[in-house]
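The residues making up each chain are set out below.
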Number of protein chains: 2
Amino acid sequence: ISYASSAAAAHPNLVINTDDVDTMRQAVDSPSGRFTVAYNDLLTRLEPIIESGVDVPVPVDSGGGYTHEQHKLNYRLLYDAGIAFQVSGDERYSDFVRDTLLEYAELYPNLSLHPKHRPNATNPGRLFWQSLNEAVWLVYSIQAYDLVYNSLSSSERDRIEAGVLRPMALFLSEDSPTTFNKVHNHGTWVTAAVGMTGFVLDEPLWVDRALYDLELSGEGGFLKQIDELFSSDGYYSEGPYYQRYALMPFVTFAKAIENNRPNLRIFEYRDNLLLKAIDTTIQLSYDGLFFGINDAIKSKGIVTDELVLAVAIAYSQTGDRSLLSVADAQDQTILSGDGLLVAQALDDNLAEDYQMRSQAFLDGPNDDQGALVVLRSNDSVLVGSEGQALVFKATSQGLGHGHFDKLSIQWFDRGEEVYTDYGAARFLNIESKNGGRYLPENETYAKQTIAHNTLVVNETSHFDGDVKLGNLNAPTLNTFNVSEELVLTSATINTAYDGVLLGRTLVSFDLAGESVVLDIFDVEAETESTLDLPVHYNGQLINTSTDIHSEPSLQPLSDRNGYQHLWLRGTAQPGAGLTQHTVLGENNRFYTHSSILPDRAQVLYVETGANDPDFNLVHQQAFITRIQGAAQNRFVSLFEPHGEYNPAKEYTLEASSRVAAMDVIEDENGLTVYISLTDGSQCAVAIAQDAAGISESAELTCE
Amino acid sequence: ISYASSAAAAHPNLVINTDDVDTMRQAVDSPSGRFTVAYNDLLTRLEPIIESGVDVPVPVDSGGGYTHEQHKLNYRLLYDAGIAFQVSGDERYSDFVRDTLLEYAELYPNLSLHPKHRPNATNPGRLFWQSLNEAVWLVYSIQAYDLVYNSLSSSERDRIEAGVLRPMALFLSEDSPTTFNKVHNHGTWVTAAVGMTGFVLDEPLWVDRALYDLELSGEGGFLKQIDELFSSDGYYSEGPYYQRYALMPFVTFAKAIENNRPNLRIFEYRDNLLLKAIDTTIQLSYDGLFFGINDAIKSKGIVTDELVLAVAIAYSQTGDRSLLSVADAQDQTILSGDGLLVAQALDDNLAEDYQMRSQAFLDGPNDDQGALVVLRSNDSVLVGSEGQALVFKATSQGLGHGHFDKLSIQWFDRGEEVYTDYGAARFLNIESKNGGRYLPENETYAKQTIAHNTLVVNETSHFDGDVKLGNLNAPTLNTFNVSEELVLTSATINTAYDGVLLGRTLVSFDLAGESVVLDIFDVEAETESTLDLPVHYNGQLINTSTDIHSEPSLQPLSDRNGYQHLWLRGTAQPGAGLTQHTVLGENNRFYTHSSILPDRAQVLYVETGANDPDFNLVHQQAFITRIQGAAQNRFVSLFEPHGEYNPAKEYTLEASSRVAAMDVIEDENGLTVYISLTDGSQCAVAIAQDAAGISESAELTCE
Ligand SMILES: [Zn+2]
Ligand SMILES: [Zn+2]
């Protein structure tokens, strides 16, 4: 039998179809424009590769090693050469794809499991140490094959399909049922690989398996993955850093499905879920960088290959011109039909503003695992130093990369992260730093609760640092209201600690011309406890209302749960009333944290670096409000930006907070926070609460 | 008698003359172009001022207070309104100048010494607490008067001149002989004020006094100031931060002299000294910011009013189109004849590249007080992150703002300060930080030797921290050679410590494609001493060849001379041979410091923050090579940039140093440093030395 007998199917027809090819060929006839520039760049980049020829080594190394990296390089080259062939018609490119795939067809049948696979792993590969990489290889390579299909002889197709494409697709599906059926983002790569191979090789059963699982039960497969890996808001529980990575196989396979099984209306599936997921990924950023929650590398943002592809596909599906602003900020052109649409629209200056908005992004497949809440000022922008954003992490644990940071906040203003989340303790790919992997301090510090701007009870992390327990328990989002004058949100969790109810209410509003945040953190414990509420800040402490007792020598704050990494620099006993801390941010703006503290509160001044023999931790600083022996407390704080430090022009404006006094009055309807300003004016934020003390609505009045 | 009888003099004729006015008026007829834009900005800015009227309060406050700031604002407004009048002819502006000056004419005769003047000061003012501000007021206001002169009635002129201009000029000269005759940059403001007033009021004697001192002896006055406040290279001994400030009265008065006494050829005086001083100020910057030596605020740079004016005047004098690149980077337009020339040349795209160069800027009026030496890579630029610069501070003390930093270095690469100088411990104008003045830590840390990248003997600062002693003793610049392949410089000082000779030789060259610096620091002491050589770095310590013994709790390194502000984080005993420290810079580039250490050397890892109860110090880190009980040592080190950390694109290139081994061989001709690279190649830097061990020339060979 000839495997290449499916004359019925047109080629290419995955992410790029024959219509796309026609328009791409026409486009590059024009000497200018983004698309032609990108195309010429591709040809220039490919030239030395085509010159030096094919390199398909026998697999030996695990991640980072030569053979691993070469096979990763190969799938990108195959894809790129396939594109170059379709647009140029130059057979040097299709020959490269053919010759490379023929070498893989020779190699693959001789491979048993990869020598570096983990002994008891459920997901070993053959070409790579884990099947995830193998699936990625196939997602790219099947597209390359599809792109050069018509240039191959029947016997060449036979050899390539029989040697590598079919056995790999079967290895990834029939031979790896656990991974294939698993509803997990690794599974998405596998189903995408097998399903796309099914389209090209005209194997509808493979496509059905990819969509509905091996048994076609619908318990697993691509549709189930869309159902379960995202909330209805398109939020992915590991957070935006992982979401943009997970998006890649989703949008790639979806586009292939759209071309091959348009009746499935895959982009409309679950109320346009995939398009929402793309938009949500963009929204979860500040100044172009993703919010650094969970194990995130903070320099990752909207300019990533995955999101460039996703935005092009989304624009093609929706024609939403605000996405062009995102594409413009990404400043990369995809060489596909969708990429061409984007490039031409940008050439024609059709981009419209993309709005960053306040939103509660619900978490969990059933939207019942809390939310990642974003409060933004009205002047927020996609990229640039305007605008303010408060991130409220009332989400689920986020699996193994999740941090113990229930109800934590991150605060951004004028281009800077002011109140910070440490992110991941990792120097990606720097060999001397634990081989570029996560550092030990990622577990011992970055994930711990004390590394976050949220409440720690008895110096213990949420869920006692137990991920499994964390995965079972999420906060409850009680409130998210946006009105003309303010944004109110509120969430609670009673499972982070046994017998302790944590509740946080946040209100963002304009206070005499500046966007501010009111933060009300309620703790109710069954027993008297030590309550710590840290504020990790970027910048220099410029002024405090407290009288700091400074330590003549530094000791770690404690010996576990992240506290062992904090030096105690000083302590203050501010006494009852208003306590203020003003920080000069790296953007030369001032930020004052004003809080109303009970008489017995202490403030601890700490910085990272203790028990860090390898200098693995980045230097960070925090002040921690501590209340000892308290069964309950309400922490009421205001975050206030003000003024400007301009040493270059030798002026300083409003270095002092405008907050002169704060007061909280509680009655049966809720509570009112009064904020008196130094100019004599006063604002009141009245928060209506239900019988259980849940904040329901808020009102701002100023006089 | 009528004071306003000098019909002979044309008005205006100080920085702006009547020809200038003609061309400026023509220029603003054009609706576009930089000059018109700046002019319209001025009118917009002035509008509310003209509306709200004159405010000339009775002097009460010292610096920062209301009356002080208002009088400062007034002289700028007077000047601006004078310009607006000359260009527009609109009498609302001249009326504002007239009315303001008439108010000053009413006020000034009633003023005795300012209520806030310092009791025993030699330089009290009447309008301000010190006469320096008063001189600045007059420099601006006499120009304003000159600009509106022709619009005033004879009686108005009489009142203004008799009420304020004449008495102030006499107060600043005859009544303040010490300050007036002093060869000091405050004196320059005073002589400029009096001399310019002399021009406008046709008082040639005042001009002569300004030029030659009160007694016309030539021992003081403006010419003597040009002779003595700069070296022949136009270097000002307090450093570039102060140099740009000092420039203002020099260039302003010089321009007035050029218009009124052109035969003096003031810009050619002392071999074009003032033009050289302007150029030197520009050269003493990296990425647009001045080298942060001495008490410098590091965010100050070429975009300052003083240097904008200076560049415009220099361009007008020389027609040097490379200055237009500087003006373009400054992006400010001066509303003067010179400013117009610059604006029109920029509009016409006439700017040529301004070259940043390696140069030894000799210090001292007789060029015999060492030098500030700058070694630059060939790709250096005025503004931007290209290029590398090494700053070698082999200068004189620099008076009261000087630091005890003989032979210290600062190293810049790709837009970052990699090996750092702390600069000034000061938050300018931030009230909560010691009233915005220098912080106590400026004396106790920032000025001390240990805060610098130079050698400390026995934990004591140079000159034992005695400024007077420092002012008497400068290093000797022995060598500065630039060749095609390398730049060599060498300086020594034997007065920083009794009985200790310090000598440093620096060579910058290309090592396998990267600009590197070879650093050879020789110490010869009469007695066994503790030798500390710190490297203060910006960034994260990524890799060390040492095995660091980390401290479980932190103690200050010592109790005085700056050491009391350093926490000791850890110690290493690297043993003999190559010791390496790799830092990841904030520009995501790697920097390896490789050094050859003797067996007994220790490395101390420190950071700022000890004995800093008010959080006044900015966090900084250093590693200090310490050799105890040594009478002499040669520290040989290589500074090497390499690779790139790109977590956004998920790749890391060359995170490891390419230096595999270093070796030093000494013979009777000098010494040769052999550098073996990891790729097997080797380079040798052969430094020829004279009998006294002074480095004379160097040669690079690679194989
Ligand atoms: Zn975190
Ligand atoms: Zn210094």
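Throughout what follows, the structure given in this document is the object of discussion. Numbers given to residues run from 1 along each chain, matching the order in which its sequence is written. Working convention: letters from A go to chains and numbers from 1 go to ligands, in the order in which they are written. Given that the model is predicted, a residue must reach a pLDDT of at least 70 before its local features are reported, and side-chain atom pairs must reach 80 or more before they are shown or counted; all residues, however, enter totals for whole chains, interfaces and linings. Working from all heavy atoms in the structure, the side-chain values ignore hydrogens and water.

Here we look at the overall build of chain A
What chain A contains, in helices and strands, is 17 helices and 25 strands. Between the two quantities, the radius of gyration covers C-alpha atoms and the globule rule is 2.2 Å times the number of residues to the power 0.38. Its C-alpha atoms give chain A a radius of gyration of 28 Å, within 12% of the compact-globule value 27 Å for 703 residues. Along the first, second and third principal axes, the C-alpha set of chain A runs to 85 × 55 × 50 Å. Burial here depends on accessible area, computed with a 1.4 Å probe over protein chains only, as a share of the maximum for the residue type. Under 20% is buried, over 50% is exposed, and the range in between is partly exposed. The buried share of chain A, reckoned over its 703 residues, is 61%. For chain A, the proportion of contacts with a sequence separation of at least 24, taken over those separated by at least 6, is 65%. Residues scored as charged are limited to Lys and Arg (positive) and Asp and Glu (negative), so that His and the chain ends carry no count. For charged residues, the charge sits on one atom: NZ in Lys, CZ in Arg, CG in Asp, CD in Glu. Positive and negative charge centroids in chain A, built from 44 and 98 side chains respectively, lie 5 Å apart. Each helix is a run of H or I in the DSSP string that is no shorter than four residues. Each strand is a run of E no shorter than two, and both are numbered from the N terminus. Should any heavy atoms of two residues lie within 4.5 Å, those residues are counted as being in contact.

So, the sheet that holds strand β23 (residues 670-677) of chain B
All names here are of chain B. Spatially, the four strands line up as an open sheet ordered β22-β23-β24-β25, and their pairing is antiparallel. Every interior strand has two partners, whereas the edge strands, β22 (659-667) and β25 (695-702), have only one. Strand after strand, the sheet turns through a mean of 15° between neighbouring axes, direction not considered. By the bridge criterion, seven bridges tie strand β24 (residues 682-689) to β25 in an arrangement that is antiparallel. At least two DSSP bridges between two strands are needed for those strands to be called paired. With axes taken as lines fitted to C-alpha atoms, and helix axes fitted only over the stretch in contact, angles between N-to-C directions fall between 0 and 180 degrees.

What about the coordination of the zinc ion (ligand 2)?
Residues and elements named next belong to chain B. Donor atoms from the polypeptide that bind the zinc ion (ligand 2) are His403 (ND1), Asp421 (OD) and His452 (NE2), placed at 2.1 to 2.5 Å. On the primary sequence, the residues serving as donors to the zinc ion (ligand 2) are separated as H-x17-D-x30-H. You can see Asp421 sitting in the loop between β7 (416-419) and α16 (440-446) and its partner His452 sitting in the loop between α16 and β8 (456-457), a full 31 residues away along the chain. Overall, the relative accessible area of 0% leaves His452 in the buried class. Metal donors were taken as nitrogen, oxygen and sulfur atoms no farther than 2.8 Å from the ion, or 3.2 Å where the ion is Na, K or Ca. Water is excluded, so coordination may look unfinished.

With respect to the pairing of strand β11 (residues 500-511) of chain B
Successive residues of a regular strand alternate their side chains across the two faces of the sheet. All names here are of chain B. In terms of residue burial, β11 counts as a mostly covered element, since ten of its twelve residues are buried. Between strand β10 (residues 486-497) and β11, which pair antiparallel in sequence order, lie two residues; one of them, Gly499, sits at a positive phi of approximately 70°. Looking at chain direction, β11 and strand β12 (residues 514-537) are connected through twelve bridges and run antiparallel. Directly across from Phe509, in β12, lies its bridge partner Val516. The hairpin formed by β11 and β12 contains two residues between the paired strands, and Ala512 there has a positive phi angle of roughly 50°.

Remarks on the state of the cysteines
Residue and element names in this part refer to chain A. Throughout, a disulfide means two cysteine sulfur atoms within 2.5 Å of one another. Taken as a whole and judged by the stated rule, the model has two disulfides over all chains. The partner cysteine of Cys683 in its disulfide is Cys702, sulfur to sulfur 2.0 Å. Judged by the sign of its S-S torsion, about 110°, the cystine formed by Cys683 and Cys702 is right-handed. Of this pair, Cys683 sits in strand β24 (residues 682-689) while Cys702 sits in strand β25 (residues 695-702), and the two are 19 residues apart along the sequence. For Cys683, a relative accessible area of 4% puts it in the buried group.

Describing the packing of aromatic side chains
Residue and element names in this part refer to chain A. Ring pairs shown here join Phe, Tyr and Trp side chains whose ring centres sit within 6.5 Å, with only the six-membered ring taken for Trp; geometry is labelled stacked below 30 degrees between planes, edge-to-face above 60, and tilted in between. In this structure the tally under the stated criterion is 42 aromatic pairs over all chains. Ring geometry for Phe230 against Phe250: centres 5.1 Å apart, planes inclined by 70°, an arrangement best described as edge-to-face. Separated by 20 residues along the polypeptide, Phe230 in the loop between α10 (222-228) and α11 (240-260) and Phe250 in helix α11 bring together distant segments of the chain. Assessed through its relative accessible area of 0%, Phe250 is described here as buried. Measuring from centroid to centroid gives 5.6 Å for Trp411 and Tyr591, while their planes differ by 85°, and the two rings are edge-to-face. Taken together, the residues span a long stretch of sequence, with Trp411 in strand β6 (residues 408-413) and Tyr591 in strand β17 (residues 590-597) at a distance of 180 residues. Pair check on accessibility: Trp411 and Tyr591 agree, each one buried. Here the aromatic cluster, defined as three or more aromatic residues joined through ring pairs, consists of Phe199, Phe222, Phe230, Tyr236, Phe250 and Phe253. For the cation-ring pair, Arg157 lies above Tyr149, with the distance from its terminal atom to the ring centre recorded as 4.1 Å. Placement of a charge over a ring requires the Lys NZ or Arg CZ to be within 6 Å of the ring centre, with the centre-to-atom vector within 35 degrees of the ring normal.

Brief notes about the packing of helix α1 (residues 18-29) of chain A against helix α3 (residues 66-88) of chain A
Residues and elements named next belong to chain A. Following both chains from N to C, one finds α1 and α3 inclined at 75°, their axes separated by 8 Å at the closest point. Taken together, the axes of α1 and α3 lie roughly perpendicular to each other. Contacts between α1 and α3 pair Val21, Met24, Arg25 and Val28 from the former with Ile83, Gln86 and Val87 from the latter. Here the nonpolar group is Ala, Val, Leu, Ile, Met, Phe, Trp, Tyr, Cys and Pro; Asp, Glu, Lys and Arg are the charged ones; every other residue, Gly included, is treated as polar. The residue inventory of the contact of α1 with α3, partitioned by class, reads five nonpolar, one polar and one charged. Geometric relationships in this document are graded by angle, where less than 35 degrees denotes roughly parallel, more than 145 denotes roughly antiparallel, 65 to 115 denotes roughly perpendicular, and other angles denote oblique.

Overview of the coordination of the zinc ion (ligand 1)
All names here are of chain A. Surrounding the zinc ion (ligand 1) are the protein donor atoms His403 (ND1), Asp421 (OD) and His452 (NE2), which sit 2.1 to 2.5 Å from the metal. One chain supplies every donor for the zinc ion (ligand 1), spaced along it as H-x17-D-x30-H. On the criterion of sequence distance, the pair formed by His403 in the loop between β5 (388-394) and β6 and Asp421 in the loop between β7 (416-419) and α16 (440-446) is long-range, its members being 18 residues apart. Comparing His403 with Asp421 shows no difference in burial state: the two are buried.

Looking at the interface of chain B and chain A
At the junction of the two partners, chain B supplies 46 residues and chain A supplies 46 residues. By buried area we mean how much accessible surface two parts lose on assembly, using a 1.4 Å probe and totalling the loss over both. Between chain B and chain A, the buried area comes to about 3,900 Å², and carbon and sulfur atoms account for 55% of it. The largest per-residue losses of area from chain B upon contact with chain A belong to Gln540, Arg569 and Phe615 of chain B, which jointly make up 18% of the total buried on that side. Take a side-chain nitrogen of Lys or Arg and a carboxyl oxygen of Asp or Glu: if they are within 4 Å of each other, that pair is a salt bridge. Put simply, chain B and chain A have six salt bridges between them. Where Glu650 of chain A meets Lys300 of chain B, a salt bridge forms, and the shortest distance between an N and an O atom there is 3.1 Å. Counting only elements with at least two residues in the side of chain B that touches chain A, the list comes to α11 (240-260), β13 (540-544), β15 (566-572), β18 (602-608) and β21 (651-653) of chain B. Residue contributions to the side of chain B that touches chain A peak at four residues, all from β13 of chain B. Classifying every residue of the side of chain B that touches chain A gives 24 nonpolar, twelve polar and ten charged.

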